[in-house]
Amino acid sequence: RAKSAGGNRFEYADEEADARAITRHGLTTALPAALERGEFFIEYQPLVHLGDGSVHGAEALVRWCHPQHGVLGPDRFIPLAENTGLIVPLGRWVLQEAVRQARFWQDEAPGGHPATGPLRINVNLSPTQLHHPGLVAETVDVLERSGLEPGALCLEVTESALIGADDDLLKPLRQLAEMGVDIALDDFGTGYSNLANLRRLPVSVLKLDRSFTQGMQQHPADPVDIKIVEGIVQLAHSLELAVTVEGVETGAQAQQLRALGCDTAQGWYYARPGAPDRIRSLALVDAV
Ligand code: C2E
Ligand code: MG
Ligand code: MG
Ligand code: MG
């Protein structure tokens, strides 16, 4: 494996990179059995109204409880699952589990919170799942079996997955949107998409990427970021899209983003991702 660098000298690849590659390979081959053994679990992070901080829903975020490496975040294994196609059954499991959980929250408190109504659930979709022909039928099936109304589900698709999307790719999303499922454009503002293109997409929510929220952390806030967020909010609202902000870590950020007209937020300032019971206690604390 050593490669000759001329003469008698050899250069070795850096050991850490090797270890990472081996782990990547090891993780990739372990994925299918992990799914069968039930090593994946979901944490839920509240989505709150910026106006009053009330919880109206949660995003499902998958984790892998690996027998040797401990709990792994999705950035470690979602790309691997994408490459091997395992993302399709894994994503199906997440959707099923998250929808079941949302229905469970609703059953516990049928009216939900007096101010915000029944809790809603956001689930991430990867590009491969978007291309999978079974997406619409499987989603309909999961909703019907759980009894959750389509309007309580929001599917998050990254902006980059939809750049240059043709009608074939948008069709399943349109069908889902027509059924009442919300579609959110995740990590918005990082994908260099043509803003005029937004009109064409069946989305109802923009999730502004965390990098903009970070710009609000500085004192004073980054004036360029402020201008950009202002522009995005204006455009979004004129297209009747709601704006959610990711990665809110401080009260100052929340205040600034509220002042800029953002509608909802998510971040450590409100709550870290956690067990499903946490969502119920946060959301319904003064309900019923
Ligand atoms: P995302 O959908 O943009 O999710 C938001 C990420 O930001 C989550 O990271 C969340 O834990 C993190 N986060 C939330 N609030 C804060 C904050 O205040 N500060 C900081 N620094 N981070 C915050 P996580 O859980 O590691 O997930 C990373 C990405 O993995 C997600 O980004 C999503 O793209 C992907 N992912 C997670 N679950 C799934 C899934 O079930 N299916 C698919 N296809 N992708 C998933
Ligand atoms: Mg997301
Ligand atoms: Mg996001
Ligand atoms: Mg993100």
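Heads up: the structure comes first, above all this text.
In short, a report on the structure. (Residues numbered from 1 in each chain as written. Chains lettered and ligands numbered in written order. Predicted model: local features only at pLDDT ≥ 70, side-chain atom pairs only at ≥ 80, totals over all residues. Heavy atoms only, no water.)

**Thoughts on the overall build of the chain**
Then, number 1: Check the secondary structure of the chain and you find eleven helices and eleven strands.
Then, number 2: Over its C-alpha atoms the chain spans a radius of gyration of 21 Å, differing by no more than 12% from the 19 Å that the globule rule assigns to 288 residues.
Then, number 3: Overall size of the chain, expressed as C-alpha extent along the three principal axes, is 75 × 50 × 40 Å.
Then, number 4: Relative to its 288 residues, the chain shows a buried fraction of 44%.
Then, number 5: The long-range fraction of contacts in the chain, counting pairs at least 24 apart against all pairs at least 6 apart in sequence, stands at 65%.
Then, number 6: As displayed, the chain has an accessible area near 14,500 Å², and 52% of this comes from carbon and sulfur atoms.
Then, number 7: Averaging the coordinates of the 24 positive side-chain charges in the chain and doing the same for the 38 negative ones gives two points 4 Å apart. (Helix = DSSP H or I, 4+ residues; strand = E, 2+ residues; numbered from the N terminus. Rg over C-alpha atoms; globule rule 2.2 N^0.38 Å. Buried < 20%, exposed > 50% of the residue type's maximum accessible area, 1.4 Å probe, protein only. Contact = heavy atoms within 4.5 Å. Areas by Shrake-Rupley, 256 points an atom, 1.4 Å probe, with all protein chains shown as cover. Lys, Arg positive; Asp, Glu negative; His and termini not counted. Charge placed at Lys NZ, Arg CZ, Asp CG, Glu CD.)

**Notes on the environment of Gln-253**
Then, number 1: Mapped onto the secondary structure, Gln-253 falls in helix H10 (residues 251-259).
Then, number 2: Accessibility expressed as a relative area gives 0% for Gln-253, which makes it buried.
Then, number 3: Sequence-wise, Gln-253 and Phe-212 are 41 residues apart; in three dimensions their C-alpha atoms are separated by 10.0 Å.
Then, number 4: When near neighbours in sequence (up to four residues on either side) are disregarded, Gln-253 contacts Thr-213, Gln-214, Met-216, Gln-217, Gly-247 and Val-248.
Then, number 5: A polar contact of 3.0 Å, which involves the side chain of Gln-253, links it to the backbone nitrogen of Thr-250. (Polar contact = N/O pair within 3.5 Å; in protein donor to acceptor, adjacent residues only side chain to side chain.)

**Some thoughts on the side chain of Thr-264**
Then, number 1: On the secondary structure map, Thr-264 appears in strand E11 (residues 264-265).
Then, number 2: Sequence-distant contacts of Thr-264, that is, excluding residues within four places in its chain, are made with Val-48, His-49, Leu-50, His-56, Val-243, Thr-244 and Val-245.

**Digging into helix H7 (residues 167-179)**
Then, number 1: Across its 13 residues, H7 extends 18 Å between first and last C-alpha, which sits within 8% of the 18 Å expected from 1.5 Å per residue.
Then, number 2: All buried positions along H7 are accounted for by Leu-169, Leu-170, Pro-172, Leu-173 and Leu-176.
Then, number 3: Taken together, the buried residues of H7 touch helix H4 (127-131), helix H5 (135-146), strand E7 (153-158), helix H6 (159-162) and strand E8 (182-188).
Then, number 4: Looking one or two residues past H7, Gly-180 carries a phi angle of roughly 110°, positive in sign. (Expected span 1.5 Å × (residues − 1).)

**Describing the packing of aromatic side chains**
Then, number 1: A complete count under the given rule lists five aromatic pairs for this structure.
Then, number 2: Between Trp-64 and Phe-77, the ring centres sit 5.8 Å apart and the planes meet at 90°, which makes this aromatic pair edge-to-face. Highlighted residues: Trp-64 in strand E4 (residues 55-66) and Phe-77 in helix H2 (residues 74-84), separated in sequence by 13 residues. Comparing Trp-64 with Phe-77 shows no difference in burial state: the two are buried. (Phe/Tyr/Trp six-rings, centres within 6.5 Å; stacked < 30°, edge-to-face > 60°.)

**Focus: helix H9 (residues 223-238)**
Then, number 1: The end-to-end C-alpha distance of H9 is 23 Å, a good match for the 22 Å that 16 residues give at a rise of 1.5 Å each.
Then, number 2: All of the buried residues along H9 are Asp-225, Ile-226, Val-229, Ile-232, Val-233 and Ala-236. What you see down the axis of H9 is that its buried residues fit within an arc of 135°, all on one side. Exposed side of H9, more than 90 degrees from the buried face: Pro-223, Val-224, Lys-227, Gln-234 and Ser-238 are the residues found there.
Then, number 3: Along its buried surface, H9 packs onto E8, strand E9 (205-208), helix H8 (210-215), strand E10 (242-245) and H10.
Then, number 4: Sitting at the amino-terminal end of H9 is Asp-222, which places a side-chain oxygen 2.9 Å from the backbone nitrogen of Val-224.
Then, number 5: Glu-240 occupies a position one or two residues after H9 and carries a positive phi of about 60°. (Arc of directions from axis to C-beta.)

Note that all results are geometric; they support no functional claim without further evidence.
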